[in-house]
Amino acid sequence: SQTIHQWPATLVQPVGSPLSLECTVEGTSNPNLYWYRQAAGRGLQLLFYSVGIGQISSEVPQNLSASRPQDRQFILSSKKLLLSDSGFYLCAWSWGNYNEQFFGPGTRLTVL
Amino acid sequence: RKEVEQDPGPFNVPEGATVAFNCTYSNSASQSFFWYRQDCRKEPKLLMSVYSSGNEDGRFTAQLNRASQYISLLIRDSKLSDSATYLCVVNEGGANNLFFGTGTRLTVIP
């Protein structure tokens, strides 16, 4: 069976500090991978998606970036965090473009 | 115009009640449809996919009406554990074309 891991679960960072969130998937190969952000009381916002190693598409302009160094690893980064980067960050995977997505447990980020 | 629209609720229902949620979508070419459940401060979890013929999983029934561009979720015999936010999700095709509704909050009251 497939599992998806994210870490850390919770993070508190000062404004201007760097960020690195990691997501890994087990039990499948060549999945589509996604990063979402959910602000408090809001819907999910797609940040990045990847259909293969080294292939990253960005959905919104921001100070965040993503990388996919291995087939089942997806990393979300920032060089300098803003207050507005606070939120619940969710990684997801799917088989192909038309299927359901499965989410990791998420990282709750607070920028102070 | 939003791709997916849901009534945010909240829906407060007694245990044992039947409750229904509707969701409308804007793109008639949408390919696939899902309902997710999200508990407070947790990740969304797939509840069920929605097929053209409608589908049922225990107390949960999902329906798709392509002509009117809406999907529905019916929960029978509500349990306290059904309290959560239910997200309507529509895939218009393509890796970046999965659209989430903002969710409908359900609270089942003892």
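Residues numbered from 1 in each chain as written. Chains lettered and ligands numbered in written order. Predicted model: local features only at pLDDT ≥ 70, side-chain atom pairs only at ≥ 80, totals over all residues. Heavy atoms only, no water.

*Asks:* How should I be thinking about the interface of chain B and chain A in this particular structure?
*Replies:* Each partner contributes to the interface: chain B provides 20 residues, whereas chain A provides 22 residues. For the pair chain B and chain A, the summed buried surface comes to about 1,600 Å²; carbon and sulfur atoms form 58% of the total. Between chain B and chain A we count zero salt bridges in total. Linking chain B with chain A are three residue pairs in polar contact (both at pLDDT 80 or more). Of all elements in the fold, only strand E4 (32-38), strand E5 (44-50), strand E9 (84-91) and strand E10 (98-100) of chain B reach the threshold of two or more residues within the side of chain B that touches chain A. Per element, the largest residue contribution to the side of chain B that touches chain A is four residues, and it comes from E4(B). Taken together, the residues of the side of chain B that touches chain A break down into eight nonpolar, nine polar and three charged. (Contact = heavy atoms within 4.5 Å. Buried area = accessible area lost by both parts, 1.4 Å probe. Salt bridge = Lys/Arg side-chain N within 4 Å of Asp/Glu carboxyl O. Polar contact = N/O pair within 3.5 Å; in protein donor to acceptor, adjacent residues only side chain to side chain. Helix = DSSP H or I, 4+ residues; strand = E, 2+ residues; numbered from the N terminus. Nonpolar A, V, L, I, M, F, W, Y, C, P; charged D, E, K, R; others polar.)

*Asks:* Help me understand the layout of surface pockets, please; the structure alone is not making it clear to me.
*Replies:* One way to see where empty space is left: roll a probe the size of a water molecule over the atoms. Estimated volume of the largest pocket: approximately 400 Å³. In terms of lining residues, the largest pocket is bounded by 18 residues, among which Gln38(A), Ala40(A), Gly41(A), Gln38(B) and Arg41(B) are the most central. Mapped by element, the contributors of at least two residues to the lining of the largest pocket are strand E9 (87-94) of chain A together with E9 of chain B. Taken together, the residues of the lining of the largest pocket break down into five nonpolar, seven polar and six charged. (1 Å grid on protein atoms, 1.4 Å probe; cavity = no way out; pocket = protein on both sides within 12 Å on 5 of 7 lines; lining within 4 Å. Points joined across faces, edges and corners; volume = space filled by probe spheres on them.)

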